[in-house]
Amino acid sequence: MQRFTSRFGWSRRYTLAMILSCLVSQAGCSLFPNPVVNWNALDPAARSEWAEDEEYAVTWHQQETQLNELRRDAAGMSIADRSSHASALAENLQQETNSVLRTSLVQTLATFDVPEAMAGLESVSEDDDPQIRMAACEALGLQSSPRRVSLLIRRVLGDTNKDVQMAAMRSLASCRGAAAQREIHTALRDVLDDDDPAIQYSAVEALEGSSGVDLGANISLWRQVLDRKVPLAAAKQQAQSLQGGYWEQLQHEGLSFNDLMPWNWF
């Protein structure tokens with residue numbers, strides 16, 4: 001009888017765990033706003049231990065709560081307060097060793113669009129950890145300083161991690177302005193010839209996002225534009241004609257539906 005009860009108890013715990021897993025996966029980030037889900041938060045015993053720990057020291061849970069509050073309140077702060085918090089966050093980044101907490105610090109620093117934040121982000125953009133460099137690239141995309149463009153381009157051209165390179169190009173897509181365009185176009189021309197299609201596509205996304213020019217993500221067209229072989233206006237017209245779809249293009253070339261049948265392939 002005792003053995004049956006034990007099995008039944010295990011079954012109930014397993015079923016509960018599966019239900020919680022499904023609920024969390026469906027709720028997504030709305031249930032857990034933190035960048036990393038802390039599964040211990042579901043354990044009442046763990047919460048009790050946190051409460052005891054917090055009587056003697058600042059815990060990981062307290063730090064995450066404080067960082068969430070900073071991200072929420074940053075926009076309403078005065079310039080002086082934002083500068084002060086950004087300096088403190090940048091200093092903490094240099095001292096912190098936990099990678100999860102460092103990522104959260106970078107994400108918090110991103111919400112402070114002040115020179116002190118740029119100084120901290122520039123430093124961690126060279127970090128040894130590629131996850132931290134990715135977070136830095138994403139944070140730089142939220143800054144308004146013109147300096148962000150050259151820092152992101154440095155990651156695109158100099159980083160050995162492709163995920164970091166693509167993160168940098170995603171952020172470059174938000175960098176507008178005539179001066180930024182010249183720098184971005186010059187830097188990304190050779191990236192369009194990369195062997196990895198994902199890198200090529202990321203470069204096109206950066207070019208189109210930063211310029212506001214939609215060439216249908218056509219790599220060949222962008223090469224011709226950057227090489228000054230085709231004027232931008234002509235490239236736009238060509239891209240619009242290609243957006244009609246492959247069937248319209250085939251019809252324009254005089255092909256019929258019957259021409260596409262297997263008996264006409266050879």
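Cut-offs used in this document
- Residues numbered from 1 in each chain as written.
- Predicted model: local features only at pLDDT ≥ 70, side-chain atom pairs only at ≥ 80, totals over all residues.
- Heavy atoms only, no water.
- Salt bridge = Lys/Arg side-chain N within 4 Å of Asp/Glu carboxyl O.
- Helix = DSSP H or I, 4+ residues; strand = E, 2+ residues; numbered from the N terminus.
- Buried < 20%, exposed > 50% of the residue type's maximum accessible area, 1.4 Å probe, protein only.
- Polar contact = N/O pair within 3.5 Å; in protein donor to acceptor, adjacent residues only side chain to side chain.
- Contact = heavy atoms within 4.5 Å.
- pLDDT = per-residue confidence, 0-100.
- Axes fitted to C-alpha atoms, helices over the stretch in contact; angles between N-to-C directions.
- Parallel < 35°, antiparallel > 145°, perpendicular 65-115°, else oblique.
- Nonpolar A, V, L, I, M, F, W, Y, C, P; charged D, E, K, R; others polar.
- Left-handed = near helix turned anticlockwise from the far one by under 90°.
- Core = buried A, V, L, I, M, F, W, Y, C linked by side-chain atoms within 4.5 Å.

A. Representation of the pattern of salt bridges in the model. This structure, assessed with the given rule, holds 11 salt bridges. Residue D227 is joined to R189 by a salt bridge in which the shortest nitrogen-to-oxygen separation is 2.8 Å. Linking D227 in the loop between α12 (219-226) and α13 (232-242) with R189 in the loop between α10 (178-188) and α11 (197-211), this pair joins segments that are 38 residues apart in sequence. Classification of R189 as buried rests on a relative accessible area of 15%. Shared partners join several salt bridges into a network, and the residues in it are E126, R133, R154, R155 and D159.

B. Inspection of the side chain of T103 at higher detail. Secondary-structure assignment places T103 in helix α5 (residues 99-109). Only 2.9 Å separates the side chain of T103 from the backbone oxygen of S99, close enough to count as a polar contact. Among residues more than four places away in sequence, those in contact with T103 are I132 and A135.

C. Seen up close, the environment of E122. Assignment of secondary structure puts E122 in helix α6 (residues 115-124). Among the residues examined, E122 registers a relative accessible area of 27% and is labelled partly exposed. On a C-alpha basis, the gap between E122 and C137 in space is 9.3 Å, while along the polypeptide they are 15 residues apart. At 2.6 Å, the side chain of E122 and the side chain of R147 are in polar contact.

D. Structural view of the confidence of the model for the chain. Scored by pLDDT, the chain has a mean of 79; 68% of the residues are at 70 or more. Low pLDDT, under 50, characterises residues 1-10; the predicted model gives this stretch zero contacts beyond four residues in sequence or across chains.

E. Representation of the environment of D193. Assignment of secondary structure puts D193 in the loop between α10 and α11. On a C-alpha basis, the gap between D193 and R223 in space is 8.8 Å, while along the polypeptide they are 30 residues apart. Within the structure, the side chain of D193 is placed 3.1 Å from the side chain of R189, a separation counted as a polar contact.

F. Here's a closer look at the environment of R155. Topologically, R155 is positioned in helix α8 (residues 147-158). R155 sits in the buried class, given a relative accessible area of 7%. As a C-alpha pair, R155 and R133 span 22 residues in sequence and 8.5 Å in three-dimensional space. Every residue in contact with R155, bar those within four places of it in the chain, is listed here: S125, E126, R133, C137, V164, Q165 and A168. Reaching out from R155, the side chain makes a polar contact with the backbone oxygen of S125 at a distance of 3.2 Å.

G. Molecular detail of the packing of α5 against helix α7 (residues 130-140). The N-to-C vectors of α5 and α7 enclose an angle of 10°; their axes lie 9 Å apart at closest approach. The angle between the axes of α5 and α7 places the two elements in the roughly parallel class. In this structure, α5 uses S99, R102, T103 and V106 to contact α7, whose residues at the interface are I132, A135, A136 and A139. Taken together, the residues of the contact of α5 with α7 sort by class into five nonpolar, two polar and one charged.

H. Looking closely at the packing of α11 against α12. Where α11 contacts α12, the axes come no closer than 10 Å and their chain directions differ by 60°. With respect to α12, the element α11 is oriented oblique. Considering the relative orientation of α11 and α12, their crossing is left-handed. Across from Q200, V204, L207, E208 and S211 in α11, the residues of α12 making contact are I219, W222, R223 and L226. A class-by-class count of the residues in the contact of α11 with α12 yields five nonpolar, two polar and two charged.

I. Structural context of the nonpolar core. Counting residues in hydrophobic clusters, the biggest one holds 58 residues, and the most contacted among them are F112 and L172. With seven residues, the top contributor of residues to this core is α7. Every residue in contact with F112, bar those within four places of it in the chain, is listed here: L70, A74, M77, R82, H85, A86, L89, A117 and Q143.

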